[in-house]
Every structure is written in structure tokens, then in C-alpha cells.
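Close look at the chain arrangement
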Amino acid sequence: MVVTAVGMLTEWGQLMAAIGEDTGEETPLQVRLNGVATLVGKVGISVAGFVFGISIIFYFVGHLEGSGNSGKFKAGRTSGSDVFNSLVEIIEVAVTIVVVAVPEGLPLAVTLNLAYAMKKMIADKALVRRLSACETMGCATTICSDKTGTLTLNQMTVTKAWVGGGMRDPVVDLSSLDQDYQTVLIEGIAQNSTGSVFSAGGKEPEVTGSPTEKAALHWGLQIGMRYKEARSQSTIMQVEAFNSIKKKAGVAVIVKNTDKVHIHWKGAAEMILDLCDKVRCPENSIMEIIPEQRSHLLSVIEGMAAESLRCIAFAYMELEDAEVPAEHKLEEWKIPEGPLTLLAIIGIKDPCRSEVPEAVRRCQAAGIKVRMITGDNIVTATAIATECGILKEGDLAIEGATFRNYSDEMRAAQLPRIAVMARSSPTDKLLMVRALKELGEVVAVTGDGTNDAPALREADIGLAMGIEGTEVAKENSDIIIMDDNFVSVVRVVRWGRSVFLNIQKFIQFQLTVNVAALTINFVAAVTAGHVPLTAVQLLWVNLIMDTLGALALATERPNDSLLDNPPIGLKDPLINNVMWRNIFSQASYQVIVLLVLQFRGTDILKLNGSNADEINRTIIFNAFVFCQLFNEVNSRKLEERNVFKGLMTNWLFLGIVGATVVFQVIIVQFLNKFASTVDLSWKYWLISIAIGFLSWPIAFVVKFIPVPKKPILMMKRRRRIRKHRRQGARDDEQSTARGNVNA
């Protein structure tokens with residue numbers, strides 16, 4: 001082995017430099033969650049501080065005669081231990097309010113949601129390497145997809161062939177061609193290939209290699225090539241591997257019988273044709289390619305491309321002895337690229353996957369622009385894109401070189417209309433990803449080659465192909481599509497939106513509990529001097545709200561209706577108007593009912609006896625818990641009125657709700673001292689359940705109330721901005737007028 005370069009001078013080093021380091025940017029959901037958690041935490045701490053202050057004042061100074069702790073402290077008569085115990089109770093309640101208010105369950109909910117989605121996505125042929133990519137995919141506004149293997153089946157076969165001066169059936173009978181012509185053509189097919197043909201025991205030959213190489217070798221076998229024999233008749237001198245920029249591969253061979261040196265080139269038909277000045281005819285004559293014939297050959301290529309065929313041309317040249325370098329100079333020798341003699345043009349069909357057009361249509365209905373980036377020529381790319389439904393009226397199909405040469409302004413202006421980029425290099429792909437991100441798009445990119453790694457890393461979501469993808473591509477991706485199918489990409493989008501929606505459901509559920517608990521404790525503390533829910537009771541509610549609620553609502557599976565809405569905008573609020581409507585309606589109901597029980601419960605329920613207050617407080621606690629359980633079912637659907645749809649198939653959700661009810665019975669009936677409760681009769685249990693049940697009809701009715709689609713807070717902010725601008729404009733006019741007067 002000869003080492004020609006190390007470090008940053010190698011292809012690998014340059015690739016790694018292009019990939020760069022991870023910037024550690026937060027995902028859109030993380031940014032939103034930080035804002036919600038901070039806001040709710042501040043409100044909770046403020047309420048806890050206020051309740052603490054009011055409770056201290058009531059304890060030492062007193063309130064109305066005989067209410068709560070008013071005047072409980074008596075100077076000179078209350079012992080120090082009593083004061084200490086009372087202060088501990090007050091601090092305990094305040095700390096508990098903070099614990100309930102601070103949404104520490106949000107990170108848990110997000111992690112559970114993402115982990116559950118990641119596990120289930122494996123069944124949908126998607127392996128998630130980075131958890132946050134699940135939710136980012138829900139924000140995707142454009143998908144830049146490869147063609148081969150992703151939109152197509154990657155099962156290539158030669159369906160058309162131009163050989164010996166005219167179009168022929170792909171299974172060409174070469175008997176009409178001169179023997180030398182046949183030998184040279186088969187030599188080019190066999191030697192200028194990275195694939196191989198294996199045959200043993202009379203079985204059908206097995207062809208290996210890339211899909212294009214396999215198609216070319218299969219065609220060679222069909223026209224009579226004996227692979228081992230063809231390879232044995234010449235010796236390879238030098239090889240130039242396929243280059244994604246030049247779109248061709250070459251080989252130099254010495255023919256053993258004649259010692260002649262043949263240079264064979266194979267690649268994109270129009271590029272090989274540019275290097276040709278002659279064409280070989282059936283009778284073994286070689287003719288100059290005149291302009292009319294070149295135009296005819298170009299029309300042959302375009303005709304094949306218009307039928308969605310990938311066009312490959314075979315050409316060769318024979319070197320004179322003087323042009324062949326000495327053996328010691330072979331390592332530095334570069335294979336000549338022309339002038340060549342054209343041998344054949346073949347059209348390779350890679351059928352579009354039958355399910356892709358519908359998947360593309362679903363993406364477009366979901367507000368996602370699908371773009372195709374391919375190395376094929378523009379005619380083939382346009383035909384495939386049209387067949388898949390990617391290229392529509394008004395869209396543009398351009399070549400990578402054209403896109404590369406655009407100015408920044410021109411690129412930004414044309415990019416929204418570009419649906420196809422043909423003859424593109426990995427650099428062009430990276431350039432498109434960066435340009436789209438600069439326009440504010442959330443970009444998902446598919447890739448399979450090592451050179452796709454920079455684009456996969458640069459994109460918001462990198463999707464590597466699991467079958468054809470290289471290890472480098474997979475290492476730099478966020479999600480691996482295990483079946484290389486575009487339909488699986490659409491399923492990932494659906495899961496991404498489901499993750500975001502499930503987190504919204506949990507936040508709605510959690511904020512309803514927060515608003516209700518904080519309001520009840522705040523009002524009770526201000527008016528009565530004590531809170532109705534003890535520390536243990538609040539912590540149990542917190543457990544229902546955070547851990548169990550997150551687990552229950554995280555397991556809602558996605559459905560196709562998620563693709564009927566536009567992508568989740570990067571600047572869209574996490575809590576939308578629909579959620580605010582649901583939160584305040586349920587919280588208001590809970591606050592009103594429970595405060596009525598707090599102040600008038602003993603009279604309304606006709607409670608008598610020494611433990612009437614304890615029974616009333618237990619009913620308040622029990623009713624509050626059942627309100628959360630029934631509201632947990634409401635939270636399954638933010639806008640749909642039928643909250644029971646799919647409920648019976650979600651066994652985990654039903655199990656969590658059932659387990660919560662069992663624990664609630666144990667806490668109320670058996671853990672009286674620990675939870676500060678008393679035994680309740682079946683009548684009071686029914687009252688508690690009925691109070692919770694009423695949240696269902698309330699939620700059903702409330703969903704008839706229309707809300708504006710634009711976030712209310714954003715609308716207010718925009719009105720303030722417009723008012724500020726109008727005021728600024730008036731000030732400018734007044735200052736201009738004063739200036740004119742002074743002048």
C-alpha cells in the first residue's frame with residue numbers, strides 16, 4: 001500500500017471538516033418547554049410565598065374571630081414547641097405548593113413520549129438514533145429526498161438499447177454485428193465494472209454490485225457475454241473509479257492476443273457522448289459523428305430519459321504504442337478521456353414505488369414540500385418526479401450546476417419553486433439544505449452515500465438509508481430508514497407530530513391541575529387562613545399529574561388525521577388557544593365546586609357530628625382526584641368532541657386510570673392518619689365520582705366555543721407593535737412639522 005495523504009489532506013479529513021462539530025442547538029420543543037416550565041414555576045413560587053406570608057400573619061396576628069388559625073398564637077401562653085410545629089406545618093404547605101406547581105413532570109413526559117415513539121417506530125421501519133429527532137420531524141416543512149431506492153424500487157433492468165447505429169430490443173442478437181464490435185463491447189461491459197458474476201453447477205449466474213452495475217452486467221449476459229472468458233482475454237492496467245462529479249468510470253486494459261491497449265469509459269450518456277467524435281457501425285466501420293448524427297443521438301438519450309430511464313453509454317478508444325507509458329510510470333498515468341468511439345447506449349428502468357405517489361400527496365396535503373435531488377439527467381429526473389407527483393405546474397426542475405451558480409438573492413427567490421435538482425453533487429445538496437434553513441424551513445434530508453454526510457449533519461433531521469446507506473451516512477444521521485422507502489419517511493413525520501400532540505395533551509392536563517390547586521389553596525388561605533388540601537394529599541395529586549399522567553398520555557398512537565394539518569411552526573406557542581379554553585373551563589369548574597364545598601360543604605351535604613369538617617375535607621380531596629381522572633380522559637382529544645375514540649384499545653391508559661382509582665380507595669379508606677382522611681360511605685363516594693363525571697359534559701359543550709387560530713398573546717403583542725409604530729410615525733410627522741415651522 002502506498003500512503004498518498006494523511007489527516008486533513010485525505011478525502012475523509014475533508015469530509016469530517018465539512019461535517020463539523022455538533023452545535024448543541026436546542027430543538028424547537030425544548031425551547032418551548034423551557035418557557036412554559038419557567039412561567040409556571042414562577043407563578044407557583046409566587047403563590048407559595050403569598051400563602052406562606054398570609055398563613056404567618058394569620059397565625060401570629062389573627063383574622064376574623066374563630067376562623068382557622070386566627071389568633072392561635074398567644075403571647076406568653078403558646079409554648080415554643082407549638083410555635084415550631086405550627087411554623088413547620090405552614091412551611092410544609094408552602095413547599096408542597098411549590099412542588100405541585102413546578103412542572104418537573106415535563107421532562108419526564110417528553111422522555112417517556114420520545115422513548116415510546118422510538119420503540120414503536122421500529123415497527124414502522126425507522127430506527128431513531130437521536131431522541132429529539134422524533135419531535136423535530138413533526139415540524140418538518142420540506143423533505144429533500146434521493147431518487148434511487150427511496151422513491152424507486154432500486155431494481156434496475158435494461159429496457160432499451162441503442163447498439164450498432166440503431167434502437168434494438170434489449171436482448172440484442174449480436175449476430176448482425178461484426179465480431180470485433182461484439183468483442184470490444186463485451187470487453188467494456190465485463191472489465192469496466194465494479195460488479196461481479198458468479199456461476200456454479202449449471203445454476204443461473206448470480207450478479208453482485210450496485211444496482212446500476214448489476215443491470216449492465218445482466219444486459220451483458222443477455223447479449224451473450226461469458227463473463228470469466230471475457231475477463232480472461234485482457235489484463236487491467238489502470239482503473240478510474242466512478243466519480244459523482246464527472247459521472248463516469250474508466251478502465252485501461254491490454255488485450256492478450258494483440259497487446260493492444262483499449263481505454264473503456266462508461267457513464268452518464270450525454271457526458272460520454274460529449275467525449276465521442278466517432279461511432280462504431282454494425283459492419284465494424286468507424287464513422288465521424290457529424291452534427292446531424294449528434295443531434296439524433298441526443299434525441300435518443302432524451303427519448304429514453306423522458307420514459308424515466310437512466311441512460312448509460314459505453315465508449316472506448318485504442319491507444320497507439322507511443323501513447324502507453326512505461327511500466328514504472330503507470331502509477332502516475334491518468335487514463336485519457338478522449339476522443340472516444342461510441343459503442344452503445346442503454347436505458348435502465350428503475351420503477352417508481354407504487355405507494356410513493358400517495359405518500360407524496362399526503363405530504364403535500366400536510367403542508368410539506370417534497371423535493372427530489374438526484375444525479376440523473378434532468379429529463380429522467382423530471383419524468384420520475386412527475387410520475388411521483390413531486391413536480392407540479394409552476395414548479396422548477398434545474399441542474400446542480402445552475403443552482404450552484406445562482407447568486408444568493410437569486411437562489412433565495414427561486415428556491416420555493418424548485419422541486420427537482422438533477423445532475424447534483426453532494427456539495428449541491430449541502431448548499432440546498434443551508435439555503436432552505438436560511439429561509440426558515442425545517443429541513444429533512446435523505447442520504448445513503450459517504451458524501452451525503454455533511455448534508456445529513458447540516459439538516460434539521462438527517463435520514464440515512466438502512467440498506468444502501470454507508471456507515472458514515474448512518475453515523476451522521478438522526479434516523480435510519482431501515483427499508484429505504486419514502487413511505488417510511490412519511491410515517492416518521494406522523495410520529496413526530498404525534499409526539500408533539502401528546503406533549504400538548506399532557507401540558508393541558510398538568511396546567512389544569514396546577515391552576516385549580518393553586519387557586520383553591522390561595523383563596524382558602526386568604527379567606528380562611530388554612531388550605532383544604534394537606535401536603536400528603538397534594539403530593540399524591542402531583543404523582544397522578546406528573547408520573548402517571550405522563551405515562552398514560554404518552555402512549556396515544558398516531559393516526560392519519562395528523563397529516564391533515566400544516567406543520568408545527570417553529571414560532572407556534574406550545575399552549576394554543578384551544579388548550580387555554582380547555583384549561584380555564586375545567587379549572588374554573590373545579591375551583592367553583594371545591595370552594596363551594598370548602599365554605600358551604602357541611603351545610604349542603606348536611607354533615608353533622610364532631611368529624612363533619614374532616615369528612616368535608618376528605619370529600620374535597622376525593623372529588624379533586626376524581627376531577628383529574630375524568631379530565632385525563634378529556635385530555636386525550638384537544639379538539640375532538642368524542643374523547644372515547646380509541647380508548648378501549650389503549651390498555652396502558654386504562655390500566656393507569658384503574659390503578660389510580662384503586663390507590664385512591666386505599667388512601668381514603670385505609671391510610672387515614674397518613675393522608676389526613678376519614679372513611680367515606682358509598683353515598684359520599686358517589687358524590688365525589690359525580691363531581692368528577694360532570695367534567696365530561698362540560699368539556700363536550702366547551703368544545704363548541706370557537707377560538708381564534710392566531711395565539712391571543714401573539715395577537716396582543718402584534719397590536720402593541722402596530723400601536724408603537726403608529727405612535728412613532730405620528731411623532732416623526734410632528735417633528736417634521738416643527739422642523740418646517742422653525743425653518
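As the structure is a prediction and not an experimental result, all values here were calculated from the model.

The next point concerns the overall build of the protein. Summing up its helical and strand segments, the protein has 26 helices and 19 strands in all. Across the protein, the fraction of contacts at a sequence separation of at least 24, relative to all contacts at a separation of at least 6, is 72%.

Ranked by internal contacts, the top residues of the largest apolar core, which has 124 residues, are Met121, Ile390, Ile479, Phe486, Ile507 and Phe624. Ranked by residues supplied to this core, first place goes to helix H18 (residues 486-528) with 20 residues. In contact with Ile390, not counting residues within four places along its chain, are Leu151, Val360, Gln364, Val370, Arg371, Met372, Ala385, Asp395 and Ala419. Counting residues in each nonpolar core, the second largest holds 29 residues, with Trp162, Ile289, Cys311 and Leu330 among its members.

Further remarks concern the side chain of Gln504. If you trace the backbone, Gln504 turns up in helix H18. A relative accessible area of 7% places Gln504 in the buried class. Excluding its chain neighbours within four sequence positions, the residues that come into contact with Gln504 are Pro573, Leu574, Asn576, Met579 and Leu638.

Below, the discussion takes up the pattern of salt bridges. Counted by the stated rule, this structure contains 25 salt bridges. For the salt bridge of Glu213 with Lys266, the shortest nitrogen-to-oxygen distance reads 2.7 Å. Residue Glu213 is located in helix H7 (residues 211-222), and its partner Lys266 is located in strand S9 (residues 261-268); the two are separated by 53 residues in the primary sequence. Overall, the relative accessible area of 12% leaves Glu213 in the buried class. For Lys266, a relative accessible area of 9% corresponds to the buried category. Notably, a salt bridge pairs Lys334 with Glu240, separated by 3.9 Å at the nearest N-O pair. Remark: Glu240 occurs in strand S7 (residues 234-243) and Lys334 occurs in the loop between strand S12 (309-319) and strand S13 (340-349); sequence separation between them is 94 residues.

Those residues carrying the UniProt feature "transmembrane region" (unreviewed entry) are residues 39-61, 93-116, 511-531, 537-554, 651-672 and 684-707 in this numbering. Secondary structure across residues 684-707 comprises 75% helix and 0% strand; the distance between its end C-alpha atoms is 37 Å.

Before going further, it helps to spend a moment on the confidence of the model for the protein. Per-residue pLDDT for the protein has a mean of 84; in total, 90% of the residues score no lower than 70. Here residues 64-70 scores under 50 on pLDDT; set against residues more than four positions off or in separate chains, the count is 10 contacts.

Turning our attention to the sheet that holds strand S15 (residues 396-399). Here we have eight strands laid out as an open sheet, ordered S1-S19-S18-S17-S2-S14-S16-S15, and mixed in their pairing. At either margin of the open sheet sits one strand with a lone partner, and together these are strand S1 (126-128) and S15. Direction aside, the axes of adjacent strands within the sheet are offset by 20 degrees on average. As paired elements, strand S14 (residues 369-373) and strand S16 (residues 418-422) share two bridges and run parallel to each other.

Even without being a glycine, Asp259 presents a positive backbone phi close to 60 degrees. Looking at the secondary structure, you find Asp259 in the loop between strand S8 (248-255) and S9. The phi torsion at Ser676 lies on the positive side, around 60 degrees, for a residue other than glycine. One can find Ser676 in the loop between helix H23 (672-675) and helix H24 (682-693).

With respect to the helices, strands and loops of the structure, Tyr181 is situated in helix H6 (residues 179-191). From its side chain, Tyr181 meets the backbone oxygen of Leu343 in a polar contact 2.6 Å long.

Moving on to the environment of Asp428. Relative to the helices and strands, Asp428 is located in helix H15 (residues 426-438). Considering only alpha carbons, one finds Asp428 and Ala401, 27 residues apart in sequence, at a separation of 7.9 Å. Leaving out residues up to four positions away in the same chain, Asp428 has contacts with Gly400, Ala401, Phe403, Arg404, Met421 and Arg423.

By the criterion of burial, S9 is predominantly enclosed, with eight of the eight residues buried. Of the strand pairs in this sheet, S8 and S9 are connected by seven bridges, and their pairing is antiparallel. Directly across from Val251, in S9, lies its bridge partner His264. The turn joining S8 and S9, which pair antiparallel and follow one another in sequence, is formed by five residues; a positive phi near 60 degrees is taken by Asp259. Sheet analysis places S9 next to S12, joined by eight bridges and oriented antiparallel. Within S12, the residue paired with Ile263 across the bridge is Met317.

Time to look at a negative patch on the surface. Taken together, Asp259, Glu320, Asp321 and Glu323 make up a surface patch of like negative charges. Counting through the fold element by element, Glu320 comes out in the loop between S12 and S13.

Attention shifts here to the environment of Val370. Checked against the element boundaries, Val370 lands in strand S14. Counting along the chain gives 10 residues from Val370 to Val360, while the straight-line C-alpha distance between them is 7.0 Å.

In this section: a nonpolar patch on the surface. A cluster of nonpolar residues, Val662, Phe663, Ile666, Phe670, Leu671 and Phe674, forms a patch on the protein surface that exposes about 620 Å² of accessible area. Per-element accounting of the nonpolar patch gives the leading share, four residues, to helix H22 (residues 651-670). With respect to the secondary-structure elements, Phe663 resides in helix H22.

Per the stated rule, a full pass over the model turns up 11 aromatic pairs. Pairing Phe700 with Phe704 gives two aromatic rings, centres 5.4 Å apart and planes at 75 degrees, and the pair type is edge-to-face. Residue class for Phe700 comes out partly exposed when judged on its relative accessible area of 39%. Here a set of aromatic residues connected by ring pairs shows up, and it is made of Phe630, Phe644, Phe693 and Trp696. Here the guanidinium or amino end of Arg411 rests over the ring plane of Phe403, the centre of that ring lying 5.4 Å away. The ring centre of Phe653 lies 5.8 Å from the NZ or CZ of Arg636, which sits over that ring.

In this section: the packing of H24 against helix H25 (residues 695-702). The interhelical angle for the contact between H24 and H25, taken along N-to-C directions, is 10 degrees, at an axis separation of 5 Å. Relative to H25, the element H24 is oriented roughly parallel. On H25, the residues that touch Ile691, Gly692 and Phe693 of H24 are Ser695, Trp696 and Pro697.

Along its 16 residues, helix H10 (residues 291-306) runs 22 Å from first to last C-alpha, staying within 8% of the 22 Å computed at 1.5 Å per residue. Packed against the buried residues of H10 are strand S3 (157-163), strand S4 (166-168), helix H9 (269-274), S12, S13 and helix H12 (378-388). Downstream of H10 by one or two residues, Ser308 has phi in the positive range, about 65 degrees.

Enumeration over the complete set of coordinates arrives at zero disulfides. Distance from the sulfur of Cys352, which forms no disulfide, to the nearest cysteine sulfur (Cys388) is 3.0 Å.

Conventions adopted
Residues numbered from 1 in each chain as written. Predicted model: local features only at pLDDT ≥ 70, side-chain atom pairs only at ≥ 80, totals over all residues. Heavy atoms only, no water. Helix = DSSP H or I, 4+ residues; strand = E, 2+ residues; numbered from the N terminus. Contact = heavy atoms within 4.5 Å. Core = buried A, V, L, I, M, F, W, Y, C linked by side-chain atoms within 4.5 Å. Buried < 20%, exposed > 50% of the residue type's maximum accessible area, 1.4 Å probe, protein only. Salt bridge = Lys/Arg side-chain N within 4 Å of Asp/Glu carboxyl O. UniProt positions renumbered as here; feature names shortened; annotations may be inferred. pLDDT = per-residue confidence, 0-100. Pairing = 2+ DSSP bridges. Axes fitted to C-alpha atoms, helices over the stretch in contact; angles between N-to-C directions. Polar contact = N/O pair within 3.5 Å; in protein donor to acceptor, adjacent residues only side chain to side chain. Patch = residues over 30% accessible without salt bridge, like charges linked within 9 Å, V, L, I, M, F, W, Y side chains within 5 Å. Areas by Shrake-Rupley, 256 points an atom, 1.4 Å probe, with all protein chains shown as cover. Lys, Arg positive; Asp, Glu negative; His and termini not counted. Charge placed at Lys NZ, Arg CZ, Asp CG, Glu CD. Phe/Tyr/Trp six-rings, centres within 6.5 Å; stacked < 30°, edge-to-face > 60°. Lys NZ or Arg CZ within 6 Å of the ring centre and 35° of its normal. Parallel < 35°, antiparallel > 145°, perpendicular 65-115°, else oblique. Expected span 1.5 Å × (residues − 1). Disulfide = S-S within 2.5 Å.

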